[in-house]
Amino acid sequence: VLLYLNACCNHAVSCQLLPDNPFDGMVSSIRLPLHSWDSIDPFSRAERDAIITAFYQHPRLSHYAPFVKFLFLTGCRTGEAIALQWQNVNLPRQVVIFAQSYDSSLGIRKGTKNGRVRQFPCNDLLAQLLHSVKPPGVTGDALVFPSPTGKPIINTKFTQQVWKGRGKYPGILPGLILDGLVSHYRPVYNTRHTFITLALETGLTVPQVARLVGNSPKVILDHYAGNSIDSSLCQLLV
């Protein structure tokens, strides 16, 4: 926000609409914490399937099952799935276009994290999922994965009341951990880490995976490729 305000006021100064820029230098004075790549802790294939099944079988939370399955099948960012509209889903061509993200904290739509629009090809499983949730006569700007009230899903509420649970909301993950179907808790965003890791294990190249998820090949290579090493390969070193 400060970056945009600074640019706006610089323009205003150049147009002699302001005597000076009160935001000058404020951006450079802020030191953001470095992103911790230790959070890249993907679910296993069995854990992924157990989570999807639990959502579909839950008597109260099954509404979110397609949303969770979509996250696992595409590796998209959570905000991108929340913002997805039917006008960006082309079922005849079997392609999903990620053009926007939804910021739940601000309640606004914005561009993707890197500012780029990307196309994601649908395999049969993903195409079947999208067909199953598409209502008849849906309009182009309608959300693909709305909340039960028809509004955009609020990421924090989804985490606290559905995924992780809190207070009177038991959540899906704690029950699966208690049953031994999931080893330990990981946040919703790790659905993305899971897709990337499994895609690399399947044999997709680093550039291919980077193109699918909207990351640079360097990020995939530096932070994800190591997670895709199958444990059986380590036996060769013994």
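Residues numbered from 1 in each chain as written. Predicted model: local features only at pLDDT ≥ 70, side-chain atom pairs only at ≥ 80, totals over all residues. Heavy atoms only, no water.

Looking at the packing of aromatic side chains
We apply this condition: For this analysis, a ring pair means two rings from Phe, Tyr or Trp (six-membered ring only for Trp) whose centres lie within 6.5 Å, classed as stacked if their planes differ by under 30 degrees, edge-to-face if by over 60, and tilted for the remaining angles. Strands are runs of DSSP state E lasting at least 2 residues, helices are runs of H or I lasting at least 4, and numbering of each runs from the N terminus. Charge-over-ring placement is defined geometrically: NZ (Lys) or CZ (Arg) within 6 Å of the ring centre, and within 35 degrees of the ring normal.
Under the criterion given, the structure shown has twelve aromatic pairs. Here Phe-67 and Phe-158 contribute two aromatic rings whose centre-to-centre distance is 5.4 Å and whose plane-to-plane angle is 85°, an arrangement assigned as edge-to-face. With Phe-67 in helix 3 (residues 65-74) and Phe-158 in helix 6 (residues 155-163), this pair connects stretches of sequence that are 91 residues apart. An aromatic cluster of at least three residues, connected via ring pairs, comprises Phe-43, Phe-55, Tyr-64, Phe-67, Phe-70, Phe-72, Phe-98, Phe-120, Phe-145, Phe-158, Trp-163 and Phe-195. In this structure, Lys-164 packs its charged tip against the face of Tyr-185, placed 5.4 Å from the ring centre.

Topic: the pattern of salt bridges
Applicable threshold: Salt bridges are counted wherever a side-chain nitrogen of Lys or Arg sits within 4 Å of a carboxyl oxygen of Asp or Glu. Partly exposed describes any residue whose relative accessible area lies between the buried limit of under 20% and the exposed limit of over 50%, with all areas from a 1.4 Å probe on protein chains only and scaled to the type maximum.
All told, the structure shown has five salt bridges when counted by the stated rule. The residue Asp-49 makes a salt bridge to Arg-48 at a minimum N-O spacing of 3.0 Å. For the salt bridge of Lys-110 with Asp-103, the shortest nitrogen-to-oxygen distance reads 3.4 Å. Given the relative accessible area of 15%, Asp-103 is considered buried. A cluster of three or more residues bridged by salt bridges with shared partners is formed by Arg-77, Glu-80 and Arg-118.

Looking at the nonpolar core
Rules: Here, nonpolar core means buried Ala, Val, Leu, Ile, Met, Phe, Trp, Tyr and Cys residues that are tied together by side-chain atoms lying within 4.5 Å of each other. Note on contacts: a residue pair is in contact if any heavy atoms of the two residues lie within 4.5 Å.
Core analysis: the biggest nonpolar cluster contains 55 residues, and Ile-51, Phe-55, Phe-70, Leu-130, Phe-158 and Trp-163 have the highest contact counts within it. Ranked by residues supplied to this core, first place goes to helix 3 with seven residues. Apart from the residues within four sequence positions on either side, Phe-158 is in contact with Phe-55, Tyr-64, Phe-67, Val-68, Ile-153, Trp-163 and Val-188.

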